Amino acid sequence: SLKTSKYRTAVNISIGCDKKCTYCIVPATRGEEISIPIEMLVTQIQRDVDNGAVEVMLLGQNVNSYGRRFSDGRPKSTFTKLLQEISKIEKLKRIRFTSPHPLHMGDEFLDEFVINPKISKCIHMPLQSGSTSVLKAMKRGYTKEWFLNRAKKLKDAVPELRITTDIIVGFPGETHEDFLDTMDVVNQVKFDQIFNFKYSPRPNTAALELKDIEIEDKVAGARLTELIELHKEHQSELLAKNVGKTMEVFFEDLKSNGEVAGLSDNSLLVFATGSDELLGKFVNVKIISSTRTALKGEVIK
Ligand code: SF4
C-alpha cells in the first residue's frame, strides 16, 4: 500500500509529551518530552535516502515543540532548525510530520513551512474544539481566534495548502453554542480531512473529574453526525477544485486495473492510467475528474 512504500521512511524525533490535555492518556503513560539529537536524525534519514527513500515522516506527540529538552543536556534547539537541517539532505524530496500542536505554531515555524519547498503542503492542525471555553477545559492552551489566525496565515500564503484535523465532539460541558463554534471553525477553515471522535471517558485522564457535566450520548451522537455531513460537503467541494489543474505526483503503486496510484506534494491521492515505468518517479499529471477522496488524471508526456 502507499503507507508502506520503500520510497518512504519515518523517524521518531521526540518521545513523551509535556502537555496535559485533559482527555489524553499520554500524560499518565509516557514521561516528559525528550528530543532526539539533530545529527542522529540526519544520519538515519541520510541512510534511508541512500537506500531509495525520497520522503520522510517526522513523528512525535508534539513535533513542533522539538528541541526543548535533549537526553544529553545539550542546549535547546527548535523544530524549525531541525526542518532546515533535514532539508539539506540532497536526494530527500519531501518532508512530512505529525502531529504538530496549534499552540506552537509561531511565525518562525509557519514561515519555514511556507518557504521550504521540501515541506509537504499538507498540514495536520488538531483543533479538538472550536470553542475557547472547551479548549480551556481540555487544557489545549490556545483560543478559537488563535487557531483561525494561524490557519488563515497559512492559507493566504500557500494556495494549494491542505489542512487535516482532529475534532472531539461532546466533551464534558460542551453546550450547543460551543458546538456551533466548532462548526464555525470547520466552515471557515474547510478541512480536507477530519478525524472526528465522540468524547468517551478514558482511564487515568483528568477529564474524568468532569463526570458530573458529561453530556448525553444521544446529543453527542447528533452533533457528530452534523459535523460529518458538513465535512463531506467540504471534501467533495475541495477535491473538485483540482479538476483541470496540473500537479506533480510521485507514483508508488501499480493497481491490477492498469492504473498507477501516487500522492501529490499536498498529499492528494491521484490515479492515472500507466505502467510500472511510472513507479518511483515524479510525474506531471493533469487532473480530469474527482471523487470525495481521490483524483483521476492523465500523465502529461
Ligand atoms: Fe500531548 Fe497530544 Fe496528549 Fe495533548 S493530546 S497531552 S499534546 S499527546
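One numbering rule holds for all chains: residues counted from 1, following each sequence as written. With the structure being a predicted model, the display of local features is reserved for residues of pLDDT at least 70 and the display and counting of side-chain atom pairs for 80 or more, all residues being used for whole-chain, interface and lining totals. By convention in this description, side-chain values take in all heavy atoms of the structure and omit both hydrogens and water.

### A word on the site of the ligand
Part 1: For each residue, the test is whether any non-hydrogen atom lies within 4 Å of the molecule or strand; if one does, the residue is near. For the ligand, the full set of nearby residues is C17, K19, C21, Y23, C24, V26, P27, Q61, H101 and R140.
Part 2: Of all the cavities here, the one that holds the ligand is the second largest pocket.
Part 3: Looking at the shell around the ligand residue by residue, the classes come out as 6 nonpolar, 2 polar and 2 charged. The way it works is a 1 Å grid over only the protein atoms, where trapped points that fit a 1.4 Å probe form a cavity and open points with protein on both sides within 12 Å along at least five of seven lines form a pocket, and then any residue with an atom within 4 Å of a point lines it. Cavities and pockets are treated as containing a molecule whenever more than half of the molecule's atoms lie within 2 Å of their grid points. In this classification, the charged set is Asp, Glu, Lys and Arg, the nonpolar set is Ala, Val, Leu, Ile, Met, Phe, Trp, Tyr, Cys and Pro, and all remaining amino acids, among them Gly, are polar.

### Some thoughts on unusual backbone geometry
Part 1: Along the chain, T98 connects to S99 via a cis peptide bond; the corresponding omega equals -5 degrees.
Part 2: In this description a helix means any DSSP run of H or I spanning at least four residues, a strand means any run of E spanning at least two, and both kinds are numbered starting from the N terminus. Within the element layout of this structure, S99 appears in the loop between β5 (94-98) and α4 (107-115).
Part 3: The phi dihedral of K139 is positive, around 60 degrees, even though this residue is not glycine.
Part 4: Relative to the assigned elements, K139 resides in the loop between α5 (132-137) and α6 (144-157).

### Digging into the nonpolar core
Part 1: Remark: nonpolar core denotes a set of buried residues (Ala, Val, Leu, Ile, Met, Phe, Trp, Tyr, Cys) joined through side-chain atoms within 4.5 Å. With a 1.4 Å probe rolled over the protein chains alone, any residue whose accessible area is under 20% of its type maximum counts as buried; one over 50% counts as exposed, and the rest are partly exposed. Of all hydrophobic cores here, the largest spans 48 residues; its most connected members are L58, F79, F97 and I123.
Part 2: Per-element accounting of this core gives the leading share, 5 residues, to helix α7 (residues 176-189).
Part 3: Counting 14 residues, the second largest nonpolar core, distinct from the first, contains M247, L278, V283 and V299.

### Side note on the sheet that holds strand β7 (residues 162-169)
Part 1: Strand pairing follows a simple DSSP-based rule, namely that at least 2 bridges must link the two strands. Taken in spatial order, the 3 strands make up an open sheet running β6-β7-β8, and their pairing is parallel. Pairing within the sheet leaves two strands with one partner each, and these edge strands are β6 (122-124) and β8 (193-198). Adjacent strand axes in the sheet meet at a mean angle of 15 degrees when their direction is disregarded.
Part 2: The contact criterion used is simple: two residues touch if any of their non-hydrogen atoms lie within 4.5 Å. All axes here are fitted lines through C-alpha atoms, helices being fitted over the stretch that makes contact, and every angle between N-to-C directions spans 0 to 180 degrees. Docked against the sheet, helix α8 (residues 217-240) engages β7 and β8, running at close to 175 degrees with respect to β8.

### A closer look at the sheet that holds strand β1 (residues 8-12)
Paired through their backbone hydrogen bonds, the strands of a sheet run either parallel or antiparallel.
Part 1: Sheet architecture is open: 3 strands sit in the order β1-β4-β5, paired in parallel fashion. Edge positions in the sheet fall to β1 and β5, since each has one partner strand and no second. Sheet twist, expressed as the mean angle between neighbouring strand axes with direction ignored, is 20 degrees.
Part 2: Here β1 pairs with strand β4 (residues 55-59) via 5 bridges, running parallel. Opposite V11, over in β4, you have L58 as the bridge partner.
Part 3: Helix α3 (residues 79-87) contacts β4 and β5 of the sheet and is inclined by roughly 150 degrees relative to β5.

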